[in-house]
Amino acid sequence: MKTSFKLIVLLSFALTSSIFILGCSRDNVDNITPNGNSDAYYIDSNNGRDDNDGSTPETAWKSFAHLNQITLNPGNSINLKKGSLWNETFRFRGSGDESNPILITSYGSGDKPKIAPKGKSYAFLIRNQEYIEVSDLEITNMGDTPAENRKGIYVEARDFGVVHHLYFRNIEIHDVNGLHGGLEGGNFSNNKASGGIVSVILGNVVETYFDDFLIENCHIHHVSQTGIYNTSSWEDREWQRNGGVYVNHSWVPSKNMLYRNNTIEHIAGNGLILKNAHAPLVEYNTFDYCGEFTSGNAAFCFNTDYALFQYNELSNTITNVGDVDSGGLDSDFKTRWTTFQYNYCHNNGEGGVLITGGPARWPTAFNYETIIRYNLLANNGDHAIKTSGNVMSLKVYNNHVYTDLDESIEVIQHKSWDGYSRSAEYYNNIFYSNGTNGSIRLENSAGNSIHDNMFSGISKNSSVSTTANLWNVAPVYSVGSNPRLNDIENFRLSSNSPGIDVGDNNQHDALNGEGGVITIKDMFGNEVPLGGGVDIGMEEQK
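The following paragraphs examine the structure supplied in this document. Here the structure is a predicted model, which is why all the values come from computation and not from measurement.

1. Observations regarding the environment of Thr356
- With respect to the helices and strands, the residue Thr356 is situated in strand S30 (residues 353-358).
- A sequence separation of 26 residues divides Thr356 from Asp330, and the C-alpha atoms of the two residues are 7.6 Å apart.
- With near-sequence residues (within four places) excluded, Thr356 lies in contact with Asp330, Ser331, Asp332, Phe333, Asn367, Ser388, Val391 and Trp417.
- Looking at Thr356, its side chain comes within polar contact range of the main-chain nitrogen of Gly358, at 3.1 Å.

2. Some remarks on the packing of aromatic side chains
- Counted by the stated rule, this structure contains 30 aromatic pairs.
- Pairing Tyr306 with Trp337 gives two aromatic rings, centres 4.8 Å apart and planes at 15°, and the pair type is stacked. Placement of the pair is Tyr306 in the loop between strand S23 (299-305) and strand S24 (308-310) and Trp337 in the loop between strand S27 (335-336) and strand S28 (339-341), with a sequence separation of 31 residues. Exposure class is identical for Tyr306 and Trp337. Each is buried.
- Pairing Phe309 with Phe340 gives two aromatic rings, centres 5.2 Å apart and planes at 80°, and the pair type is edge-to-face.

3. A closer look at the side chain of Glu539
- Secondary-structure assignment places Glu539 in the segment after strand S44 (470-471).
- Of the polar contacts made by the side chain of Glu539, one reaches the side chain of Arg492; its length is 3.4 Å.
- Here the side chain of Glu539 touches Leu493 through a polar contact of 2.7 Å, landing on its backbone nitrogen.
- Ignoring any residue separated from it by four or fewer positions in sequence, one finds Glu539 in contact with Phe491, Arg492, Leu493, Asp522 and Phe524.

4. As for the pattern of salt bridges
- Summed over the entire model, instances satisfying the criterion amount to 17 salt bridges.
- The salt bridge involving Arg361 is made with Asp418; its shortest N-O contact spans 2.6 Å. One end of the pair, Arg361, is in the loop between S30 and strand S31 (367-368); the other, Asp418, is in the loop between strand S38 (410-415) and strand S39 (425-427), and 57 residues separate them in sequence.
- Arg441 is the salt-bridge partner of Glu410, the closest N and O atoms lying 3.1 Å from each other. Here the residue Glu410 occupies a position in strand S38, and Arg441 occupies one in strand S41 (residues 439-441), the gap between them amounting to 31 residues.
- Of the residues examined, Glu410 reaches a relative accessible area of 13% and is grouped as buried.
- Residues joined by salt bridges that share partners form a network here, namely Glu133, Arg169, Glu216, Arg260 and Glu283.

Cut-offs applied
- Residues numbered from 1 in each chain as written.
- Predicted model: local features only at pLDDT ≥ 70, side-chain atom pairs only at ≥ 80, totals over all residues.
- Heavy atoms only, no water.
- Helix = DSSP H or I, 4+ residues; strand = E, 2+ residues; numbered from the N terminus.
- Contact = heavy atoms within 4.5 Å.
- Polar contact = N/O pair within 3.5 Å; in protein donor to acceptor, adjacent residues only side chain to side chain.
- Phe/Tyr/Trp six-rings, centres within 6.5 Å; stacked < 30°, edge-to-face > 60°.
- Buried < 20%, exposed > 50% of the residue type's maximum accessible area, 1.4 Å probe, protein only.
- Salt bridge = Lys/Arg side-chain N within 4 Å of Asp/Glu carboxyl O.

None of the figures reported here should be taken as evidence of function without further support.
Below, the structure written as structure tokens:
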């Protein structure tokens, strides 16, 4: 029996060797079976070979071809060699699990490994997969001409159920030339799904949503049309304006969505469109030069509950011809309980913050109880804070609005979108025009309450009481009369500035979506109040 076994082994080895000698080419991927039991795979475009087994850095594959022949298991990793370049799409099969996600990352030294398929539909694909972490890559997707629905990273889930744990960290995505609204043949509304990172939920059979979705420390620039975008087919809900009640038809929101510490700049349209989510968090991001070629506020949420945007800087959004959306932050319609706090919006073409309820005649158009608090809005064109459409119960308090522009700015602007906002309240804010006089526009909006604010350089409005507010009273800055916009520290107030301890102490709670409230502090992290009462403005002093 032992002799027979040895003979079989020797014959098998001889046959395998003959096949290798007669038919193997160094880059012929059909002549080797990938090691499907490996914990880690390595790919090196410079020194790898596709007739290697891919299981060590020394036996790395050259291309992505083998990834279509294996299914990754929980805990597996794909390691891309730094300094490598691939002009092909990255895709793979398999999912991780809760304890062992699949890792896609880099190894070695030098520049990040670069995936650049030169104009494919997407450069990097995750489809109906979960428990995956992607990090330390560079991605481009530049075609000869712009194309519709061209993307850097594309995530798709169709009738999957819960899609768990998708993380994208430390990735640079740039030069993705999707079609955008500023091009001939482009359409702003239809081209939003072209851009840097796009995640889409499709289908109508199995309720599907993301749970634990992270984009962190990424640099997304020079992409079109959108920097980061997500949407879902499970989106239907309504709230009729006149006598209607909230109705959820098929709204299934994603959960635990977090966008943190990203730089998003030089974007054709919107930097971030965040949709269909429960309690998403957007914090410590920088948005600069969005809307370069088509309409788009830097960042907005749509069809969300309890969205929280904090500690973001949004600047230099471009106003294109005929544009009305080219500001910093936007709490858009089909939203409830949005909170914007501790953000710095400056030098945007048209506005610091927009709150829109959508066209009031639509049953799906509503915006309920957005809170804007402890933000700095400086030198934004046209307006500081704007409402339009079916906005209900807006709360704006303890913000600092500043302008020294040569143009007259409407510090509060209420406009119609088939109807006006209702029951907006503004209190404890500083509105300071340190140049051309600003103004207030309320038009036919109803139920406004504007009290305990500080106005300076703002023309009187017959609907705003000068006795319920500090009128023609200017803040005193620690740095002098003309603070520079390069640092929010320049907007700290002197200890003898008016407005200390005289604000309204009844600050409206911001809800966190988990049955509690969001802790309130001032722009600089101080407790509120510090003294005998709440101060007017974004800073609390003893």
